[in-house]
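Fold and contact review
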Amino acid sequence: MEYQLKKLGADDLDLMDSLLDCFGEAFEEPDTYGKFRPDADYMRELLGSNMFISIVAHINSKVIGGLAAYELKKFEQKRSEIYIYDLAVATKYRRKGIATALIRDLKSIAKARGAWVVFVQADYVDHPAINLYTKLGFKEEVLHFDIPLETDQSNA
């Protein structure tokens, strides 16, 4: 199986749409990744920005996996961190080294940008992701909190 990796740019809207389809299928959340997709101008701006990184694995322009990551510029030192927001490989193509290749490609981009680390979160029940990330890095036990934007009336 021969696949190619491609870092997406502002003109790769079709590949980004295919990656969103891949995420929706892999995470079993088609509405999250398909129902309210941004328009082409928004997506061009995102894909062309320095803060967003998207890499796809494809065979003849058919996306079989990919990742979306953000560069977080630090304030305490002149450096950045790269946060993998989503990473998925289509079921048929899993366990073939594609996710590892995507992360390896992201690490090269991170080094070129002067980043000092790539990090990712995984759910406790996502054993394949935990196994992959354990193979590639170090595990830290952290808590993750979502803070809603609604006004909290209980403290008023």
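Heads up: the structure comes first, above all this text.
For clarity, every value in this text was computed on a predicted model and none was experimentally measured.

What counts and what doesn't
Residues numbered from 1 in each chain as written. Predicted model: local features only at pLDDT ≥ 70, side-chain atom pairs only at ≥ 80, totals over all residues. Heavy atoms only, no water. Core = buried A, V, L, I, M, F, W, Y, C linked by side-chain atoms within 4.5 Å. Buried < 20%, exposed > 50% of the residue type's maximum accessible area, 1.4 Å probe, protein only. Helix = DSSP H or I, 4+ residues; strand = E, 2+ residues; numbered from the N terminus. Contact = heavy atoms within 4.5 Å. Patch = residues over 30% accessible without salt bridge, like charges linked within 9 Å, V, L, I, M, F, W, Y side chains within 5 Å. Areas by Shrake-Rupley, 256 points an atom, 1.4 Å probe, with all protein chains shown as cover. Salt bridge = Lys/Arg side-chain N within 4 Å of Asp/Glu carboxyl O. Lys, Arg positive; Asp, Glu negative; His and termini not counted. Charge placed at Lys NZ, Arg CZ, Asp CG, Glu CD. Expected span 1.5 Å × (residues − 1). Phe/Tyr/Trp six-rings, centres within 6.5 Å; stacked < 30°, edge-to-face > 60°. Lys NZ or Arg CZ within 6 Å of the ring centre and 35° of its normal. Axes fitted to C-alpha atoms, helices over the stretch in contact; angles between N-to-C directions. Parallel < 35°, antiparallel > 145°, perpendicular 65-115°, else oblique. Nonpolar A, V, L, I, M, F, W, Y, C, P; charged D, E, K, R; others polar.

Judged by nonpolar contacts, the single largest core of 23 residues is most densely connected at Ile53, Ile55, Leu67, Ile82, Leu87, Ile98 and Leu106. At the level of secondary structure, the elements contributing two or more residues to this core comprise strand E2 (52–59), strand E3 (62–73), strand E4 (80–89), helix H4 (98–112) and helix H5 (127–136). In contact with Ile55, not counting residues within four places along its chain, are Leu5, Lys6, Lys7, Leu19, Gly65, Gly66, Leu67, Leu102, Asp105, Leu106 and Ile109. One finds Leu8, Leu20, Phe23 and Leu47 within the second-largest nonpolar core, a separate group that totals 17 residues.

A word on a positive patch on the surface. A cluster of basic residues, Arg95, Arg104, Lys107, Lys111 and Lys135, forms a positive patch at the surface. For the positive patch, the element with the highest residue contribution is H4, accounting for three residues. Within the secondary structure layout, Lys107 lies in helix H4. Relative accessible area serves as the criterion here: at 43%, Lys107 is assigned to the partly exposed category.

Turning our attention to helix H1 (residues 13–26). Look at H1: 20 Å from first C-alpha to last across 14 residues, which is about the 20 Å you get at 1.5 Å a residue. Among the structural elements, strand E1 (4–7), helix H2 (30–34), helix H3 (40–48), E2, E3 and E4 are those in contact with the buried residues of H1. The first or second residue beyond H1 is Glu28, which carries a positive phi of 55°.

Quick look at the pattern of salt bridges now. For the coordinates displayed, the defined rule picks out nine salt bridges. The partner of Asp12 in a salt bridge is Lys6, with the nearest N and O atoms 3.6 Å apart. Among the residues examined, Asp12 registers a relative accessible area of 15% and is labelled buried. Classification of Lys6 as partly exposed rests on a relative accessible area of 31%. With a shortest N-O distance of 3.6 Å, Lys74 and Glu81 are connected by a salt bridge. Salt bridges here are not isolated pairs; linked through shared partners, they connect Lys74, Glu76, Arg79 and Glu81.

Our next topic: the packing of aromatic side chains. For the structure shown, the criterion picks out seven aromatic pairs. Judged by centre distance (5.7 Å) and plane angle (20°), the ring pair of Phe23 and Phe27 falls under stacked. Where Tyr70 meets Tyr85, the ring centres are 6.0 Å apart and the plane angle is 90°; that geometry is what we call edge-to-face. Of this pair, Tyr70 sits in strand E3 while Tyr85 sits in strand E4, and the two are 15 residues apart along the sequence. Above the plane of the ring of Trp116 lies Arg79, whose end atom (NZ or CZ) is 4.0 Å from the centre.

One can describe the packing of H1 onto H3 by two numbers: an axis separation of 11 Å at closest approach and a directional angle of 95°. As far as their axial angle goes, H3 and H1 are roughly perpendicular. Along the contact surface, H1 presents Leu13, Met16 and Leu20, while H3 presents Ala40, Met43, Arg44 and Leu47. When its residues are assigned to classes, the contact of H1 with H3 shows six nonpolar, no polar and one charged.

Purely geometric numbers; function is a separate question.
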